[in-house]
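Breakdown of the fold
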Amino acid sequence: MTLKLNQVARQIQTMGQDLAQQKPERDEALVRAKRLLHNFATEFSTLANLIDRAEKIDDRFGWVGAAPAGEPLDAAFSLPNCPEQITVIASDGSQILPDQHAIYPYYLINIGSITYQHGSNQTPDPFNPEPDLNYQPFDDQGRLISSAEINVQRDLGELAVLLNRVQQLDTPPQPVVTLLDGPLALRVIDLPFDQQKQYQTAYIEILTDLQRQQAWPAGYIDRPRSTYLLSLLHLASLAPETLTEDALRRNPFRQLTDLDLFGFLEPGQRSALFAIKAKNLQRYAALGHAIHFFYLNVGRDKNTPVLARVEVPGWLAADKTSLEALHAVLVRQARLTGGYPYVLARADELAVISSEERDALEMMIGIEMRRQGLKPEISRKLQSKKSYRS
Amino acid sequence: MTNSFPIGWVLRAGTADFAVGCRVLEPNVPQFGDMVKVPLTDSSAVFGLIYNVQVEDDLAVRQLILAGELEPQIIKDQRENRLVPIELSILTVGHQQDRRISHGLPPQPPLSLDKLTICSDADLRAFTRVTDYTYRFDYLRLVLNATHAPTDELLIASLNRAAQAQPPEIRRRFLLAAGRELARLMSLDMMRLDGILQRIKPEQE
């Protein structure tokens, strides 16, 4: 055992005391945030005006927050009836990142997907496309590809698999939900600008194809830490003439997350819909897929809310009938496992690469390299680590 | 019984017994007491008897049970699609080299990922037949000596299964021969012998 638990014990004690000391301040912030939520619940034009001003403060600042989408901010919508027949398709991905100390710095993306047809009595249909082994993981300057880019490729692959599965369905007339684990929008922020645009364009094209197929894309975020709504509430608390970058940055709700605001949702209820305002999501809005979200209590117990955030494109948010069906089926799916959509749990299981599988893969790569007269070797550093850790 | 498709793959093996991972239990396959075969090469194989079928613990299944909302699709998904960990324990009782079948432990155990098949009726007959009218039951001693298997139940299940593989007109003769061999091996434990004989007793002609 290398971690000296006795030495860290004192720090843990301090941590506990600090967290307890922060609680009153946090509770007070929450009371203020909730008051703002109720006070501004239907102040749509005031908020629109403030958002407009905040977005224009400085092009480099880029205010990020929520905007009302026509529903009172503190509204709660009861659990609708779930359609008798509705299909949910989920996909998830995992990856092996390139390791310069391995026998070769390859990377691999593995995607898992499952199609679950409620009301059909059909066995759910799992699907794994061929894993994507990439053995040229270098950019033009010979640098190893970043993990951020591999994550983007994986996310793009997950959405492409959802489209593929929708196209393979025998019975398209019933509603089809296509579900991702995580935000609906592609996270490209860590990539160079030209790559951001390239990947985002490809991703939005697939979203458009899903829309054409009448499938409903949604991103399911379990225990989200986002603060879009708190940004809006902070903005609402400011007088228009005091709006500055500095004032917006001094957010008094930084100890909270949006999740803290929605403890009032009863089992099965969803919150109001909101649109996300962010510069990096403008392309989605421009192409008809403005990212919207709502919070959802998928739990059964009144005293223990199980909250998730669900992201949907604007065209789906505007269709109340479809939104109700999505709301209902997500709760149904989550309750199958006790709090998380069954299809997402299964898609993850179908995608995950175990350490044993990774070892086997590397053994196969080593054998093939030797067969081709090459000399695969792990680095001395890795050899040493393996020796000392075994 | 003529299943020649693999029902599982060897997980770990020793000379006297081995364990097999199995994706899902097909209706009636495999069963406690079934004789199984692991082909090692084109001309050699190891024979064994299934003495335990274990459905391993699975956290995902526990979670579904706790949630208590088991839709039929979930049960189908879990049983037909998921790698539900089912482990078969096999007691080694014989081996084959070319066409010769020997009762007893093999020179080498099966290897990981060797395929397991259920023995066909022809395999079962070949395993116990000497001539059209005589049989050999040397493997019964291995079963009786197994300390970790429910030996009496295993003997009863496997002998009844082997009798079913014989033509109807000689099943009685087969079981009588097996009973005689058991009587010889268990002569010091008459109570136990009687318990077994009662349950492999052939129907009166």
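For the structure itself, consult the block above.
Basis of the calculations
- Residues numbered from 1 in each chain as written.
- Chains lettered and ligands numbered in written order.
- Predicted model: local features only at pLDDT ≥ 70, side-chain atom pairs only at ≥ 80, totals over all residues.
- Heavy atoms only, no water.
- Helix = DSSP H or I, 4+ residues; strand = E, 2+ residues; numbered from the N terminus.
- Buried < 20%, exposed > 50% of the residue type's maximum accessible area, 1.4 Å probe, protein only.
- Contact = heavy atoms within 4.5 Å.
- Areas by Shrake-Rupley, 256 points an atom, 1.4 Å probe, with all protein chains shown as cover.
- Lys, Arg positive; Asp, Glu negative; His and termini not counted.
- Charge placed at Lys NZ, Arg CZ, Asp CG, Glu CD.
- Buried area = accessible area lost by both parts, 1.4 Å probe.
- Salt bridge = Lys/Arg side-chain N within 4 Å of Asp/Glu carboxyl O.
- Polar contact = N/O pair within 3.5 Å; in protein donor to acceptor, adjacent residues only side chain to side chain.
- Nonpolar A, V, L, I, M, F, W, Y, C, P; charged D, E, K, R; others polar.
- Patch = residues over 30% accessible without salt bridge, like charges linked within 9 Å, V, L, I, M, F, W, Y side chains within 5 Å.
- Pairing = 2+ DSSP bridges.
- Arc of directions from axis to C-beta.
- Core = buried A, V, L, I, M, F, W, Y, C linked by side-chain atoms within 4.5 Å.

What follows is about the overall build of chain A. Each helix and strand counted, chain A has twelve helices and twelve strands in total. Once the C-alpha set of chain A is aligned to its principal axes, its extents read approximately 75 × 60 × 45 Å. Residues classed as buried in chain A amount to 47% of the 390 residues present. Sequence separation of at least 24 residues holds for 77% of the intrachain contacts in chain A that already meet a minimum separation of 6. When the accessible surface of chain A is split by element, carbon and sulfur atoms take 49% of a total near 20300 Å². Computed over 41 positive and 47 negative side-chain charges, the inter-centroid distance for chain A is 5 Å.

Turning to the interface of chain B and chain A, a few remarks are in order. Across the boundary between the two partners, chain B contributes 14 residues, which contact 20 residues of chain A. Regarding the contact of chain B and chain A, the summed buried area is about 1400 Å², with carbon and sulfur atoms giving 42% of it. When the shortest N-O distance is used, the salt bridge between Arg300(A) and Glu69(B) registers 2.2 Å. Scanning the region where chain B abuts chain A turns up twelve residue pairs in polar contact (both at pLDDT 80 or more). Listing elements by their share of the side of chain B that touches chain A, those giving two or more residues are helix H1 (59-67) and helix H2 (72-81) of chain B. The element contributing the most residues to the side of chain B that touches chain A is H2(B), with eight residues. For the side of chain B that touches chain A, a count of residues per class yields four nonpolar, four polar and six charged.

Another aspect to go through is a nonpolar patch on the surface. A grouping of Met1(A), Leu3(A) and Leu5(A) is seen on the molecular surface, where their side chains present a nonpolar patch of about 390 Å² in accessible area. Overall, the relative accessible area of 85% leaves Met1(A) in the exposed class.

Residues and elements named next belong to chain A. Here Asn121, not a glycine, exhibits a phi torsion of approximately 65°, which is positive. Of note in this structure, Gln214 is not a glycine but carries a positive phi near 60°. Mapping Gln214 onto the fold places it in the loop between helix H4 (193-212) and strand E8 (215-222). Taking the relative accessible area as the measure of exposure, Gln214 reaches 62% and is therefore exposed.

The next point concerns the pairing of strand E6 (residues 100-103) of chain B. Residue and element names in this part refer to chain B. Summarising the sheet, strand E5 (residues 86-97) and E6 pair through four bridges and their orientation is antiparallel. By the bridge assignment for E6, Gly94 is matched with His103. What sits between E5 and E6 in their antiparallel hairpin is a turn of two residues, with Asp98 showing a positive phi close to 55°.

Let us look at H2(B). Taken together, the buried positions of H2(B) are Gln73(B), Ile74(B), Asp77(B), Gln78(B) and Asn81(B). For H2(B), the angular spread of the buried residues around the axis is 135°, confining them to a single face. Lining the buried residues of H2(B) we find strand E4 (107-118), strand E5 (125-127), helix H9 (320-337) and helix H10 (342-351) of chain A together with H1 of chain B.

Turning to the environment of Pro202(B), a few remarks are in order. Residues and elements named next belong to chain B. Positionally, Pro202 belongs in the segment after helix H7 (190-200). Placed 27 residues apart in sequence, Pro202 and Leu175 show a C-alpha to C-alpha distance of 6.3 Å. In this view, Pro202 contacts Arg172, Leu175 and Leu176; residues no more than four positions away in its chain are not counted.

What follows is about the nonpolar core. Counting residues in hydrophobic clusters, the biggest one holds 67 residues, and the most contacted among them are Leu235(A) and Tyr284(A). In contact with Tyr284(A), not counting residues within four places along its chain, are Ala185(A), Leu186(A), Gln200(A), Tyr203(A), Ile204(A), Leu207(A), His289(A), Ala290(A) and Ile291(A). Counting 35 residues, the second-largest nonpolar core is a separate cluster that includes Phe127(B), Val143(B), Phe174(B) and Ile196(B).

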